[in-house]
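What follows is each chain in one-letter form.
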Amino acid sequence: MNAALKAPAQLSALERHHLKQLVQLHLQRWGRSQALLDGLQPQQPLQQTDINRLDQQWRAELDEPRQPLIDSVRQLPASTLLEAIQRQYAPLFNELFLTDQRGLIAGMSKITSDYWQGDEAKFNSTRTLKANQMLIEAIGYDGSTQSFQVQVSVPLHDPQGGFLGVLTLGINIEAAFGDSTP
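Residues numbered from 1 in each chain as written. Predicted model: local features only at pLDDT ≥ 70, side-chain atom pairs only at ≥ 80, totals over all residues. Heavy atoms only, no water.

A. Inspection of unusual backbone geometry at higher detail. A cis amide bond links A90 with the next residue in sequence, P91, at an omega value of 5°. For P91, the position within the fold is in the loop between α6 (77–88) and β1 (93–100). One non-glycine residue, Q146, adopts positive backbone phi at about 50°. According to the relative accessible area criterion, Q146 is exposed, its value standing at 64%. (Helix = DSSP H or I, 4+ residues; strand = E, 2+ residues; numbered from the N terminus. Buried < 20%, exposed > 50% of the residue type's maximum accessible area, 1.4 Å probe, protein only.)

B. Quick peek at helix α2 (residues 13–30). Compared with the 26 Å implied by 1.5 Å per residue over 18 residues, the 26 Å span of α2 between its first and last C-alpha is a close match. Every buried residue of α2 is listed here: L19, L22, V23, H26, L27 and W30. Projected onto a plane normal to the axis of α2, the buried residues spread over an arc of 135° and lie on a single side. The exposed set on the far side of α2, more than 90 degrees from its buried face, consists of A13, L14 and Q28. (Expected span 1.5 Å × (residues − 1). Arc of directions from axis to C-beta.)

C. Quick peek at the pattern of salt bridges. Using the criterion set out here, one finds five salt bridges in the structure. We note a salt bridge from D55 to R59, for which the minimum N-O separation is 3.1 Å. Of the two residues, D55 and R59 both sit in helix α4 (residues 48–61), four residues apart, roughly one turn of that helix. For D55, a relative accessible area of 8% corresponds to the buried category. Among the ionic pairs, K122 bridges to E137, the shortest N-O distance being 3.7 Å. Of the two residues, K122 sits in helix α7 (residues 121–126) while E137 sits in the loop between β3 (135–136) and β4 (140–142), which places them 15 residues apart along the sequence. It is possible to trace a salt-bridge network through shared partners that takes in D55, R59 and D114. (Salt bridge = Lys/Arg side-chain N within 4 Å of Asp/Glu carboxyl O.)

D. Focus on α4. In this model α4 runs 20 Å from its N-terminal to its C-terminal C-alpha over 14 residues, within 8% of the 20 Å that 1.5 Å per residue would give. Here α4 has its buried residues at I51, L54, D55, W58 and E61. For α4, the angular spread of buried residues about the axis comes to 125°, placing them on one side. In α4, the exposed residues that point more than 90 degrees away from the buried face are T49 and Q56. Lining the buried residues of α4 we find α5 (68–74) and β2 (105–108). (Contact = heavy atoms within 4.5 Å.)

Written out as structure tokens, the structure is:
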């Protein structure tokens, strides 16, 4: 595949509208699930040095046979739910992951490349959005699934409007727009 096909491509207004409706439909189905919300309950405070150490541990475990930190997240109810959603709606979702209010992975359908998302523009942009808003990124090529995808991130809030975390959905564009074959 040439580099031009791997470069991000912008969505049209109609495509963005379609994706927003698709995400809202799925969030109505399972976005307020207790398993997701429980994963976002405030945890013990961590210093930035602790977060950095955990993120380094996560990255180191990616290539190791033993993955205690990764496995601890894999076993969370939120991860079990996200894995089931990814399987149920295949090939629509390439990945689903949940981050808490600090940006730490609190659930995932598949292993993420890092544990701390709090240093990424996507997380920081999404955390400032209102409950009915979402961040829709450009189309990019996902080498792990060999498909084009868009990442859509939505903030999750408690009933009083307090920020709980971010849910990110990696959406297979061909499946979302009906261009894939079964």
